Each structure stands twice: as C-alpha cells, then as structure tokens.
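Residues per chain, in single letters:
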Amino acid sequence: MTMTSAKIRQAFFDYFASKQHQVVASSSLIPGNDATLLFTNAGMVQFKDVFLGQDKRSYSRAVSAQRCVRAGGKHNDLENVGYTARHHTFFEMLGNFSFGDYFKREAINYAWQFLTEVVKLPKEKLLVTVYATDDEAYDIWLTEIGVPAERIVRIGDNKGAPYASDNFWAMGDTGPCGPCTEIFYDHGEHIWGGPPGSPEEDGDRFIEIWNIVFMQFNRQANGEMQPLAKPSIDTGMGLERIAAILQGVHSNYEIDTFVALIKAAAEITGATDLADKSLRVVSDHIRSCAFLIVDGVLPANEGRGYVLRRIIRRAVRHGNKLGAKGAFFYKLVGALVAQMGEAYPELAEKQAVIEKALRLEEEQFGKTLERGLSILDEELAGLSGSVIPGDLVFKLYDTYGFPVDLTNDVARERNLTIDQQGFDAAMAAQRKRAQQASNFGADYNATLSSHQQTAFTGYEHEFGDATVVEIFSE
Ligand code: ATP
Ligand code: MG
Ligand code: MG
Ligand code: MG
C-alpha cells in the first residue's frame, strides 16, 4: 500500500479516534513541565504529569503526532544522522496513550490491527520483542495474536544495570518508565543487520517501527522504582519509518517529504549526487533547526541555543562540502514549508523569522569556517597517529567557532578520532583564566546577559537587541 506521510498521519488519527482516543495536538519542542529535559523527545512528554497522577485530563485515551528532537540529553541521534537509514534529529512520533485505562492486551491488539489491517503490512515481515521476564506480553503475542515463537524475542538486562535494557523505556534519568514490547520490520536479506538481540542488531535490516511502553514506574533520582498508582500505556511509532515501508523504500531519507527536501538542497548547493550523505545531513538538520526556532530557541553559546547552533554549523559545514557558495541553509526553509506547512501552520507563519535567524548564524559562521577548515587540513597533513590533539580541537572551537561535534564529524569522515580529554583540559584552563580576570572588577558579561534575558522572554539567544528586533521585524 503506498501512502503519503500526510495520509499515514491521518489514518493513525482516524483509527485511534474510532477506538475512543482524543486527538491531541503536538506540544512544543521545549517541554513546558520539565526542567530536566532538553527537548521533547517522545509523544509522552506532554503527558508526563498525567502518567504520574499529578495532572488530570477530561479523557483517558489520547492519540497524537508529536514533533520530537533527539539531539542532546538521554536520547541523542545527532551522530547517527547520515550514517543510518532510520535516524533523524527531528522526526514525528505517532502515539496512542492510555492513562490508567487499557493496558497490555488492548495496546498490543490495537498496534497489530493498525499495522496489519489498516495499512496492511505483511505479517511475516514483522518481528516483536518483549521484556525478558514479561510472560504476559509474550503470551498475548503468541496465543492471541498468533506471532510464531521464532519471531518473538525476549530482550533482557544484558547491559548489567537493572532495567538498563533497550527494551525498558525511560524518558530521562527520572520520571515515568516501564518495560516495552517493540515491533520490528524486516527490510530484507540484501540489507546488512540482524534481529534484535543479535550481534548485528544495529544494522538497518530489522528496523524498529513501534515501541509500546507499559508505564509502570516513576524512577526516582536515587534509582528507586516507585510503582505508578495506575499502570498506563505510552506508544511511539516514527512516522518517517512507517512511511518508508509503505512507500516501498528502505531509508527514511527516500520518503516523500525527504525526497523533496533533498532535491531542493541539491539545487541550492549545486550538488549532483542525490545519494550524497551530506544532502541527508542538511535536509535532516533544516527540519530540526526550523522547528526549534518555531518553538522559541535561537542560537546561543549555552543550553538549548547551543544545541541549535551546533546543528546549524554542522549543516553549514556539510553544505560547504557539497559546494555551496555563501549562505544557503536558510534558502531551504521554503521547501520545508511546502512539505510541512500544512500540518504545522506555525512553521509557515514564522518562515521569515526562521530564515533570518538561520541566515545571520550562517553568515557569522561562514566568516571563520573556511579558515578553520584549512587550518585543520594543514595540521592533519602533519599528523602522526589517528587522534586529533585536544589543543587543536580547542583552537578550532575557541577561534573559529567549531563545536566539538563538528570537528568530530570531520574526524570520523577521515577515520580519525579527537582527544576529548585534551579538549576538556584546554577548556577548563580557559575558564580558569576567565574567572581570574573577572575577579578584578565588575562582571560585565553577567550584567549584560541578565539584561538580555529579561528583555526577550521566551527566546533563548545571545543576539544583541538590534539583531533580535531585525529578526522579528517582518
Ligand atoms: P532505535 O532503537 O532505532 O534508535 P529507539 O528505541 O531509540 O529507536 P524509541 O525511543 O523507542 O526509539 O522511540 C519510539 C519510536 O520512534 C521508534 O520505534 C522509532 O519508530 C521512532 N524513532 C526513534 N528515534 C528516532 C529517530 N532518531 N528518527 C526517526 N524516528 C525515530
Ligand atoms: Mg534510539
Ligand atoms: Mg530501540
Ligand atoms: Mg525503542
């Protein structure tokens, strides 16, 4: 069955609405209720307090398509982008939720029915996992659903710590969590990879499409697992991953929405090979950057704003590799709006703001990128061994604005690594110098930054007043 991403999203809403689920809009990428979390990384985030029993809603079943960013914190896929077929920094998570209403049996039945009857996936291509000791879930799959035993995999705590397995989901270090059952799709023998639990599981042959979490605990800071008063259900299915299957392609980067972005990126940068890894990186990054700005983040030197800055600079470096001359990244916003503006009207509304913020950051970094890259090249030509020294990584960071992960990204392309410890030491030494210097008088920077924070509530940034006025003056 071939379905566009938009149709799949709608089919998901329709199916769960027919099962009495309330359709709830995606929340912001900036979690409103949680200072411990960098970005919204799953559909359950906006319902965290409902799971904990601290918030009540008028419904006990919900369905959503949640925009997610995984580029920092517990779930970080930044380094996977360009290397796997299935990871993005920004993606949409389709999810159904039960707040103390239905539990394992219904959750498994709904997921199976949606996949095999609504979008009609062939059953024999599906594999499931259950938590090592979860006999109840195992039996539901085996006897009620009829999945053959050889395609049900028990995944245990093979990583040492209790509940450390991939099959035990946690939003972060604390908060609601529980054992999972996951559904995988076999993309075929011609692709490298093995079933979950096997040594080759990280390959892209068997791709996890749906994770169903049996929310049973609230993990405390000291590691204690407090049982929740009402066991609940939290599920997540990546829209891009199910779209890949339904559009008959292997990689998420070959689905409708990405093909359009990749074409636009090729046109703008002058790249000719549409399979170029850098085109994937750039088209992934425009999504996370644009949506982070929509949700109120601006490039900055720390916190969320620094994650945004790192993603933009990484994209700019890849654009440079593709042959882009001058600022190019902001020119992709139009193509993104064409793809996603209908589902996310706020994206279309803020197009001009996003473009300006990106262009300013690109222009600023563009001034030092080429110089930094040529210094890196010169130094690497004389490098003995395969480790880029910490001092060089620091110089690139400090003088040329290269975030460490950007240098690391270059290193990886050349089969090198970076000396992270050496970098940390150089950084610590510089902090100490700065602190000693500031002991000699009023700390001007502190005064300035607190002034800026009160002046521009809602946006995390470090642009000066004039720039912010310029960005918002459309
Ligand atoms: P994987 O093991 O493939 O990294 P995950 O177990 O980290 O996935 P979950 O935290 O269980 O993913 O998220 C629920 C679902 O969201 C996944 O089953 C997948 O379909 C989708 N998903 C997770 N991470 C990404 C990502 N970085 N890009 C696109 N889709 C994702
Ligand atoms: Mg993951
Ligand atoms: Mg997984
Ligand atoms: Mg998972």
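The structure this text deals with has already been given above.
Model, not experiment: these values are computed from the prediction. (Residues numbered from 1 in each chain as written. Chains lettered and ligands numbered in written order. Predicted model: local features only at pLDDT ≥ 70, side-chain atom pairs only at ≥ 80, totals over all residues. Heavy atoms only, no water.)

Peer 1: Would you mind going over the overall build of the chain with me for this structure?
Peer 2: Of the regular secondary structure elements, the chain holds 16 helices and 11 strands. A compact globule built from 474 residues would reach a C-alpha radius of gyration of about 23 Å, and the chain, at 23 Å, matches this within 12%. Considered along the principal axes of its C-alpha atoms, the chain spans approximately 70 × 50 × 50 Å. A buried classification covers 55% of the 474 residues belonging to the chain. Considering only intrachain contacts with a sequence separation of at least 6, the fraction spanning at least 24 residues in the chain is 71%. Per element, the accessible surface of the chain, about 20500 Å² overall, is 48% carbon and sulfur. Counting 47 positive and 63 negative side-chain charges, the chain places the centres of these two groups 1 Å from one another. (Helix = DSSP H or I, 4+ residues; strand = E, 2+ residues; numbered from the N terminus. Rg over C-alpha atoms; globule rule 2.2 N^0.38 Å. Buried < 20%, exposed > 50% of the residue type's maximum accessible area, 1.4 Å probe, protein only. Contact = heavy atoms within 4.5 Å. Areas by Shrake-Rupley, 256 points an atom, 1.4 Å probe, with all protein chains shown as cover. Lys, Arg positive; Asp, Glu negative; His and termini not counted. Charge placed at Lys NZ, Arg CZ, Asp CG, Glu CD.)

Peer 1: I would appreciate a short explanation of the coordination of the magnesium ion (ligand 4) in the present structure.
Peer 2: Any two of four tetrahedral donors ideally make an angle of 109.5 degrees at the metal, while pairs among six octahedral donors ideally make 90 or 180 degrees. Only Glu208 (OE) and Asn211 (ND2) from the protein reach the magnesium ion (ligand 4) as donors, at distances of 2.2 Å. For the pair the magnesium ion (ligand 4) and the magnesium ion (ligand 3), the metal-to-metal distance amounts to 3.2 Å, and Glu208 bridges them. Residue Asn211 is classed as buried on the basis of its relative accessible area, which comes to 10%. (Donors = N, O, S within 2.8 Å, 3.2 Å for Na, K, Ca; no water.)

Peer 1: Looking at this structure, how should I read the packing of helix α9 (residues 333–340) against helix α11 (residues 351–381)?
Peer 2: Between two packed helices, the angle of one axis relative to the other and the distance separating the axes together describe the packing. Following both chains from N to C, one finds α9 and α11 inclined at 145°, their axes separated by 10 Å at the closest point. Relative to α11, the crossing made by α9 is right-handed. Of the residues in α11, those in contact with Val333, Gly334 and Val337 of α9 are Gln351, Ile354, Glu355 and Leu358. Tallied by class, residues from the contact of α9 with α11 come to four nonpolar, two polar and one charged. (Axes fitted to C-alpha atoms, helices over the stretch in contact; angles between N-to-C directions. Left-handed = near helix turned anticlockwise from the far one by under 90°. Nonpolar A, V, L, I, M, F, W, Y, C, P; charged D, E, K, R; others polar.)

Peer 1: I would appreciate a short explanation of the nonpolar core in the present structure.
Peer 2: Where a protein is soluble and globular, its nonpolar side chains tend to be buried together. Core analysis: the biggest nonpolar cluster contains 118 residues, and Leu115, Leu121, Trp141, Ile183, Trp210, Phe329 and Leu347 have the highest contact counts within it. When residues no more than four places from it in sequence are discounted, the contact partners of Leu115 are Lys120, Leu121, Ile183, Ile209, Trp210, Met237 and Ile242. Counting 21 residues, the second-largest nonpolar core is a separate cluster that includes Ala42, Ala62, Cys180 and Val213. (Core = buried A, V, L, I, M, F, W, Y, C linked by side-chain atoms within 4.5 Å.)

Peer 1: When you look at the site of ligand 1 in this model, what are you seeing that I'm missing?
Peer 2: Contacts to ligand 1 come from 17 residues, most closely from Asp77, His87, Trp169, Glu208 and Asn211. At a separation of 3.0 Å, an oxygen atom of ligand 1 approaches a polar backbone atom of Ile209. Looking at the shell around ligand 1, the elements that each hand over two or more residues are β3 (90–98), β8 (206–219) and β9 (225–238). Examining the composition of the shell around ligand 1, we find that four residues originate from one element, β8, more than from any other. (Near = heavy atom within 4 Å. Polar contact = N/O pair within 3.5 Å; in protein donor to acceptor, adjacent residues only side chain to side chain.)

Peer 1: What's the story with the pairing of β8 in this structure? I'm lost.
Peer 2: Successive side chains on a regular strand alternate, one facing one side of the sheet and the next facing the other. Of all 14 residues making up β8, 12 are buried, and the element is well covered by its neighbours. Where strand β7 (residues 175–186) meets β8, 10 bridges bridge the pair, whose relative direction is antiparallel. Each bridged residue has a counterpart across the sheet, and for Ile183 the counterpart in β8 is Trp210. As defined by bridge partners, β8 adjoins β9 across nine bridges and the pair is classed as antiparallel. (Pairing = 2+ DSSP bridges.)

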